[in-house]
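Structure at a glance
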Amino acid sequence: MALFAVVPKVRVVAVVERDEALREAFVKDFGVTGYADLTMMLEQEKPAIAAIFLPHVECPAAAIECAKHGVHVMVEKPMAVSADAAQAMVTAARAAGVKLTTGYCWRMHPVAEEIRRLVADGVIGDVIGAEGRCAAGRLTRYLDGHAPWMLEKAKSGGGPLFNLGVHWIDLFRWILQDEVAEVSGRNVRVNRYYDIEDNSFAHLRFAQGTVAALDISYTVPDSFPHGRDLYISLRGTRGVLSWAPAYEGSKDVLQICSDDPVMGGSPVRSMEFNLEPAKGYSGYMGREYLRGFIDAILHNSEPPISGEDGVAALRVVEAVYQSAAEKRWVAVQPTPADVAGPNRLSSKRSSGPGGRAMKPRRKRRPAGKAG
Ligand SMILES: NC(=O)c1ccc[n+]([C@@H]2O[C@H](COP(=O)([O-])OP(=O)(O)OC[C@H]3O[C@@H](n4cnc5c(N)ncnc54)[C@H](O)[C@@H]3O)[C@@H](O)[C@H]2O)c1
C-alpha cells in the first residue's frame with residue numbers, strides 16, 4: 001500500500017481476499033472496500049487497474065476475468081505455472097484492448113540500467129559469458145510466511161527457478177536484448193517433504209552466442225547475511241561488469257573493468273549507487289515499475305515490461321526442466337513475440353543461433369567516474 005500511495009494518479013479503492021480475517025484486517029488498516037469475490041469487485045468498483053498477487057496457479061483466471069471487464073492488469077511474476085497459461089493471459093488482454101504487465105522490477109534498478117547501457121555501448125565488447133546467482137533463504141520460509149502453496153508444484157509451478165530464477169532470466173534477456181535459444185539444466189532437491197526442488201542450475205545460450213550460467217537456490221545457510229546471496233556479472237571480449245545487489249541497504253556498487261580506450265587511464269572502476277529511499281514493496285524498483293505502467297496506460301504505449309516478457313521467461317524455465325529430465329540441451333520454444341510483436345528483444349542484433357560473429361556495439365560515453 002505504501003507503494004501505491006506515492007505514485008501520482010493512483011488510489012487504491014478495494015481489495016479482494018477470500019480469507020475473511022485477512023480481508024477484514026486489511027479493510028480496517030487501509031480503509032478500502034473488501035470483497036471475497038473478484039467478479040463482484042470488478043462489477044461494483046469498475047477499477048481502472050487490478051494488481052494480482054495470488055498463488056501462481058490462480059493468476060491466469062483472475063487476470064483473464066479482469067481483462068474481460070476492461071481492467072488493466074498488473075500480475076506478479078512468474079504469472080502462471082506454465083508458459084501456455086501465461087500466454088492465455090496475454091491473448092485475453094490483447095483481445096480486450098487492456099494493458100498487462102508483470103513484476104520483473106529488477107529492470108528498474110539503476111545499476112541494472114547502467115549495466116544495460118554499458119553493454120549496449122560496447123564498453124565490455126561482445127558479451128561471451130554471464131553469471132547470475134539468486135539464492136534466498138530456505139524453502140521453509142514459505143511456511144513461516146504463511147504461503148505453503150509455494151512448496152506445492154501444482155500451485156507454484158516448481159522450486160526457486162519459478163519464483164526467483166525468472167527474475168535473472170528476464171534481466172539477462174533485457175540487458176543483452178537477446179532471446180535464449182537453448183538451455184541445459186539440472187535441479188537438485190535437498191528437502192524430503194515437498195514435491196519441489198530446492199536448487200536449479202542452468203546454462204542459457206542466447207541467440208547471439210552469450211552463455212549465461214544460473215545458480216538459483218533455496219539452500220542458503222541461516223548465518224548468511226540477510227539470507228540472500230545475489231550476484232550478476234557479464235564478461236565480454238574487452239571487459240567485465242559485476243554487481244552483488246545490496247539486499248538490505250541502499251548502497252550498491254557496480255564493478256567495471258574494461259580494456260576499451262573509452263575508459264582512459266582508469267580501466268578498473270567502482271561506481272557507487274545510493275538509491276533514493278522508497279517505502280513499500282520492492283522499494284525504488286517497485287515504485288518505478290508502477291509508475292511505468294501508469295505512464296503506459298495514460299499515454300497508450302506499451303508497458304516497459306510486457307506479458308510477452310513473462311511468457312518468454314517461463315518458456316526458458318520449462319526448457320530447463322525438460323533439459324533436467326532428459327539430460328540434454330533443449331531448444332527454447334519461440335514465443336509469438338520472437339516472430340513478430342512490439343516487445344521483440346532480439347531484433348537489434350543480427351547473427352544467427354550459435355554465432356560468435358557479434359555485431360560491434362556502439363560506443364557512447366565512458367563508464368562513470370573513477371572510484
Ligand atoms: N516480485 C517479487 O519479487 C515477489 C515477491 C514476493 C511475492 N511475489 C509474488 O506475489 C504473489 C503472491 O505471493 P504471496 O507470498 O503474497 O502469497 P500469499 O499466499 O501470502 O498471498 C496470497 C493471498 O491470496 C489469497 N487468495 C488465494 N486465492 C484467492 C482467490 N481466488 N480469491 C481471493 N483471494 C485469494 C490468499 O488467501 C492469500 O491471502 C506470488 O505470485 C509471488 O510469486 C513476488
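Residues numbered from 1 in each chain as written. Predicted model: local features only at pLDDT ≥ 70, side-chain atom pairs only at ≥ 80, totals over all residues.

Observations concerning the site of the ligand
- By nearness alone, 16 residues border the ligand, and R18, D19, E76, G103 and A147 come closest of all.
- Taken together, the residues that form the shell around the ligand break down as six nonpolar, four polar and six charged. (Near = placed C-beta within 6 Å. Nonpolar A, V, L, I, M, F, W, Y, C, P; charged D, E, K, R; others polar.)

As for the pairing of strand 7 (residues 180-188)
- Of the strand pairs in this sheet, strand 7 and strand 8 (residues 199-206) are connected by eight bridges, and their pairing is antiparallel. Residue pairing across strands places S184 opposite H203, the latter belonging to strand 8.
- Of the pairings in the sheet, the one linking strand 7 to strand 14 (residues 330-331) comprises two bridges and is antiparallel in character. Bridge pairing in strand 14 links V183 to V330. (Pairing = 2+ DSSP bridges. Helix = DSSP H or I, 4+ residues; strand = E, 2+ residues; numbered from the N terminus.)

Re the sheet that holds strand 4 (residues 72-75)
- With parallel pairing, three strands are arranged side by side in an open sheet as 3-4-5. Each of the sheet's edge strands pairs with one partner strand only, and the pair in question is strand 3 (49-52) and strand 5 (100-102). The mean angle between the axes of side-by-side strands here comes to 15°, regardless of whether they run parallel or antiparallel. (Axes fitted to C-alpha atoms, helices over the stretch in contact; angles between N-to-C directions.)

Details of helix 11 (residues 307-326)
- The end-to-end C-alpha distance of helix 11, which contains 20 residues, comes to 29 Å, matching closely the 28 Å that a straight helix rising 1.5 Å per residue would cover.
- With 17 of its 20 residues buried, helix 11 lies for the most part within the structure. (Expected span 1.5 Å × (residues − 1). Buried ≥ 20, exposed ≤ 12 C-beta atoms within 10 Å, placed from the backbone.)

Observations regarding the confidence of the model for the chain
- Averaged over the chain, the pLDDT score is 90; the fraction of residues at 70 or greater is 90%.
- Low pLDDT, under 50, characterises residues 339-360; the stretch is placed with 40 contacts to residues that sit more than four places away or in other chains.
- Residue range residues 364-371 is modelled with pLDDT below 50. Its contacts to residues more than four positions away, or to other chains, number 19 contacts. (pLDDT = per-residue confidence, 0-100. Contact = placed C-beta atoms within 7 Å.)

Notes on unusual backbone geometry
- A cis amide bond links K77 to the next residue, P78, at an omega of 0°.
- Secondary-structure assignment places P78 in the loop between strand 4 and helix 5 (83-96).
- For K9, which is not glycine, the phi torsion reads 70° and is therefore positive.
- When you line up the elements, K9 lands in the loop between helix 1 (2-6) and strand 1 (14-16).
- With 10 C-beta atoms counted inside 10 Å, the residue K9 sits in the exposed group.

Quick word on the pairing of strand 3
- Both strand 3 and strand 4 contribute to a ladder of four bridges, which runs parallel. Bridge pairing in strand 4 links A50 to V73.
- Once you follow strand 3 into helix 4 (residues 59-68) and on to strand 4, the crossover reads as right-handed. (Right-handed = clockwise from strand over helix to strand, strands pointing away.)

Here we look at the domain arrangement of the chain
- Splitting the chain by domain gives domain 1 (2-102) and domain 2 (110-276 + 308-348).
- With centres defined by C-alpha atoms, the gap from domain 1 to domain 2 works out at 27 Å.
- Tallying the contact residues gives 14 residues for domain 1 and 16 residues for domain 2.
- Per element, the largest residue contribution to the side of domain 1 that touches domain 2 is four residues, and it comes from helix 5.
- Here the side of domain 1 that touches domain 2 is composed, by residue class, of nine nonpolar, four polar and one charged. (Domains from an automatic or database assignment.)

So, helix 10 (residues 283-298)
- For helix 10, with 16 residues, the first-to-last C-alpha span of 23 Å sits near the 22 Å given by 1.5 Å per residue.
- Looking at helix 10, one finds that the buried residues are M285, G286, R287, E288, Y289, L290 and F293.
- Along its buried surface, helix 10 packs onto helix 1, strand 4 and strand 5.
- Just downstream of helix 10 lies N300, where phi reads positive at about 45°.

Observations concerning the sheet that holds strand 8
- Spatial ordering of the open sheet is given by 13-12-11-10-6-9-8-7-14, a layout of nine strands whose pairing is mixed. Both edges of this open sheet fall to strand 13 (268-274) and strand 14, since each of them pairs with a single strand only.
- By the bridge criterion, seven bridges tie strand 6 (residues 127-136) to strand 9 (residues 211-217) in an arrangement that is parallel. The residue of strand 9 that forms the bridge with C134 is I216.
- Against the sheet, helix 9 (residues 160-176) touches strand 6, strand 7, strand 8, strand 9 and strand 10 (228-236), its axis set at about 150° to strand 6.

Considerations on the packing of helix 9 against helix 11
- Where helix 9 contacts helix 11, the two axes come as close as 9 Å, and the packing angle between them is 115°. Crossing of helix 9 against helix 11: the hand is right-handed. Only D309, A312, A313, V316, V317 and V320 of helix 11 make contact with helix 9, whose side of the interface consists of L161, F162, G165, V166, I169, D170 and R173.
- Tallied by class, residues from the contact of helix 9 with helix 11 come to nine nonpolar, one polar and three charged. (Left-handed = near helix turned anticlockwise from the far one by under 90°.)

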